[in-house]
Amino acid sequence: MTAPITLSARHLVRRYGPRNIIQDVSIELRQGEVLGLLGHNGAGKSTTLQMLTGALTPHSGTIEICGFDLNRQPEQAKACVGFLPETPPLYRDMRVDDYLVYAARLHRLPASRLAAALDDCKQRCGLQDCGKKIIATLSKGYQQRVGIAQAIIHRPTVIILDEPTVGLDPAQIRDIRGLIRELGTSHSVILSTHLLSEVEHICDRVEIMQNGRLIYGDSSTRMKQFGHQPGFTITLLTPPPLSELAAIAGVASVEAVSENLFRITHDLGQDPGATLLALAAERGWQASQLTPLKGSIEEVYTRIMESESA
Amino acid sequence: MILTIARKELRSFFAAPSTWLIFGILQFIFAWLFLSRLDAYLQLQTQLAQIANAPGATQSVASPLFGTLVLLLMLMLPLFTMRLLAEERRNQTLPLLLAAPVSSRAIVLGKYLSLLGFILLVVCSGTLMLATIGLGTQLDYGLLACNAIGLLLLAASYAALGLYLSALTRQPIVAAMSATALSLGLWLVDIGNADSTGHLRALSPTAHAQNLNAGLVLSSDLVYFAVFITTFLLLTIRRLDNNRLYA
């Protein structure tokens, strides 16, 4: 990837009393990337994100956002960041429009661009009809949207979202994930979550955090492959003997799950699926369905966690 | 940036019905006291007329009333200062300000400025009410202005104190009670040592307002208020900075 680096944090340490709650965390983010920060409750995700936004100061380590050092040039650096904390920072007695305008002004959006930015971010977050409503009267899902709108109204280069989909219903989760995905094309996004499916759906890259340390980082597609055998299941309505299937080039093992369903694994890069389908057509096995084995990210996660604590 | 924050705070001040209620009650009590004071003055007027160099209406009606207004403000201001930072913390809205490209100084000054706006409104309305005596008699406007300035400085000091206490806690009620307790305490230090010229008395803002109340502008008093206000504002800024370090 050659996109410019928008955020880089090096060797962050944060102490709470004598205890290090964040130890040597380094994160790098490029433009147009969605990074998922995955971890159990209390792993240090929120603390890390707060440090990246300048709401907390790290006890050691440096953070650079868009080339500005967060410690030395806090105002320039923070102007490039949009942040949605775990609890959306909403003034419940304000109207949505007033609140968003206030947030934009706080982030130094020039007055000339205010109206356009307000319309644009309300449209993106599906808040067109809520502008005049008092925030306290909105449902939780809509309040969350206002929280996200607040984080993106000044078009920051880096968007930091702390558990953006917590407490929402499935339809809202889908909407917000769609929105984050869309934001990820033009901005850099970091989001924290303890939901693995979220990482699977919207993140390009994942960092797993445990006890204040990053223990694993990779692209989320690679992470899916981690620790599971590549393969697929296939349904054959008139199946041949098992040995015939096992003899196909590339097949590592065949297992009959039921009379018609077979679970076939193979080595990486030698997918025998096409060959098998061709043979099935030629010999009349009546192949009806081929499903790749889906390595659940849960398994990967648990495995990494176990290997770390072992 | 300071103005943005101040404007937002002022708007939420006046969007809350409780502000209007408190403001209304304040005006009502003040008007009541004003009328009873005026009544007493009118009854005494004939006797006063016989004294040589008798105190005028400003001195016998307006000045004491400013003293009363100070006490009223001492009790009411904590209700406004309490929410400024404690409520942000309790509602978890503080991250919005901390993560925005705004310095702690701008946050504190913005909030303080909004308080000053409110105080100015109270002081002006009180002063205007007293200035209505001018319709019936000759007023000493210099003394009136001096009193208003004294009141303004006192209220500004209590506001700075209240703002700092609000920065210390996440419970607005705790902030309000400690602000009331401290300002009453400082007042008691003043009236407890009224007959002596003890150094303790110099600690109390009300003691320094007394000269202004009598129409005497001393630079030492002005310096005292400046130091008092600056100290608590600096402490608040420091507290907010520490928030990033230790919270």
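Residues numbered from 1 in each chain as written. Chains lettered and ligands numbered in written order. Predicted model: local features only at pLDDT ≥ 70, side-chain atom pairs only at ≥ 80, totals over all residues. Heavy atoms only, no water.

A. Geometry of the interface of chain B and chain A. Contact with chain B, which involves 24 residues of that partner, is made by 27 residues of chain A. Between chain B and chain A, the buried area comes to about 2400 Å², and carbon and sulfur atoms account for 60% of it. The tally of links from chain B across to chain A stands at one salt bridge. For R11 of chain B, the salt bridge identified is with D98 of chain A, shortest N-O distance 3.1 Å. Elements with a contribution of two residues or more to the side of chain B that touches chain A: α1 (2-15), α4 (94-99) and α9 (219-246) of chain B. Per-element tally for the side of chain B that touches chain A: the top contributor is α1 of chain B, with six residues. Taken together, the residues of the side of chain B that touches chain A break down into 13 nonpolar, six polar and five charged. (Contact = heavy atoms within 4.5 Å. Buried area = accessible area lost by both parts, 1.4 Å probe. Salt bridge = Lys/Arg side-chain N within 4 Å of Asp/Glu carboxyl O. Helix = DSSP H or I, 4+ residues; strand = E, 2+ residues; numbered from the N terminus. Nonpolar A, V, L, I, M, F, W, Y, C, P; charged D, E, K, R; others polar.)

B. Summary view of the domain arrangement of chain A. Residues and elements named next belong to chain A. Domain parsing of chain A yields domain 1 (1-80 + 156-226), domain 2 (89-154) and domain 3 (231-292). Taking only C-alpha atoms, the centre of domain 1 and the centre of domain 2 are 23 Å apart. Domain 1 puts 18 residues into the contact, and the matching count from domain 2 is 13 residues. For the domain 1 and domain 2 pair, buried surface summed over both sides reaches about 1300 Å², with 61% attributable to carbon and sulfur atoms. Counting across the interface, domain 1 meets domain 2 through three residue pairs in polar contact (both at pLDDT 80 or more). (Domains from an automatic or database assignment. Polar contact = N/O pair within 3.5 Å; in protein donor to acceptor, adjacent residues only side chain to side chain.)

C. Spatial organisation of the sheet that holds strand β11 (residues 231-236) of chain A. Residues and elements named next belong to chain A. Strand order in the open sheet formed by four strands is β12-β13-β11-β14, with antiparallel pairing between adjacent strands. The open sheet is flanked by β12 (251-256) and β14 (287-292), the only strands paired with a single partner. Strand-to-strand twist across the sheet, computed as the mean angle between neighbouring axes with direction ignored, equals 20°. The sheet contact formed by β11 and β14 spans five bridges and is antiparallel. For L236, the partnering residue across the bridge sits in β14 and is A287. Helix α10 (residues 273-283) rests against β11, β13 (261-266) and β14 of the sheet, and its axis sits at about 10° to β11. (Pairing = 2+ DSSP bridges. Axes fitted to C-alpha atoms, helices over the stretch in contact; angles between N-to-C directions.)

D. Structural view of the packing of aromatic side chains. Enumeration over the complete set of coordinates arrives at 13 aromatic pairs over all chains. Each ring, one from F228 of chain B and one from F232 of chain B, has its centre 5.0 Å from the other, and the planes form 55°; the classification is tilted. In this pair, F228 of chain B and F232 of chain B both sit in helix α9, four residues apart, roughly one turn of the helix. In terms of burial, F228 of chain B and F232 of chain B fall into one category: buried. Connected via pairs of aromatic rings, a cluster forms that spans F13, F14, W20, F23, F80 and F118 of chain B. The aromatic ring of Y142 of chain A is capped on one face by R145 of chain A, whose charged end is 4.7 Å from the ring centroid. (Phe/Tyr/Trp six-rings, centres within 6.5 Å; stacked < 30°, edge-to-face > 60°. Buried < 20%, exposed > 50% of the residue type's maximum accessible area, 1.4 Å probe, protein only. Lys NZ or Arg CZ within 6 Å of the ring centre and 35° of its normal.)

E. Examining the nonpolar core more closely. Core analysis: the largest hydrophobic core is formed by 119 residues, its most contacted members being Y99, L100 and V146 of chain A together with Y112 of chain B. Not counting the four nearest positions on each side in its chain, Y112 of chain B is found in contact with A156, S157, A159, A160, L163, I229 and L233 of chain B. Residues V25, L29, L35 and L70 of chain A belong to the second largest nonpolar core, which totals 25 residues. (Core = buried A, V, L, I, M, F, W, Y, C linked by side-chain atoms within 4.5 Å.)

F. Representation of the pairing of strand β7 (residues 158-162) of chain A. All names here are of chain A. In terms of burial, β7 is largely enclosed, as five of its five residues are buried. Residues V158, I160 and D162 of β7 are buried on one face, and the alternating residues I159 and L161, pointing to the opposite face, are buried as well. Relative to β7, strand β6 (residues 81-84) runs parallel, the two being bridged by four bridges. Across the sheet, the residue bridging to F83 is I160, located in β7. As defined by bridge partners, β7 adjoins strand β8 (residues 188-193) across five bridges and the pair is classed as parallel. Residue pairing in the sheet places I159 in a bridge with V189 of β8. Where the polypeptide runs from β7 across helix α6 (residues 170-186) and back to β8, its parallel neighbour, the crossover connection is right-handed. (Right-handed = clockwise from strand over helix to strand, strands pointing away.)

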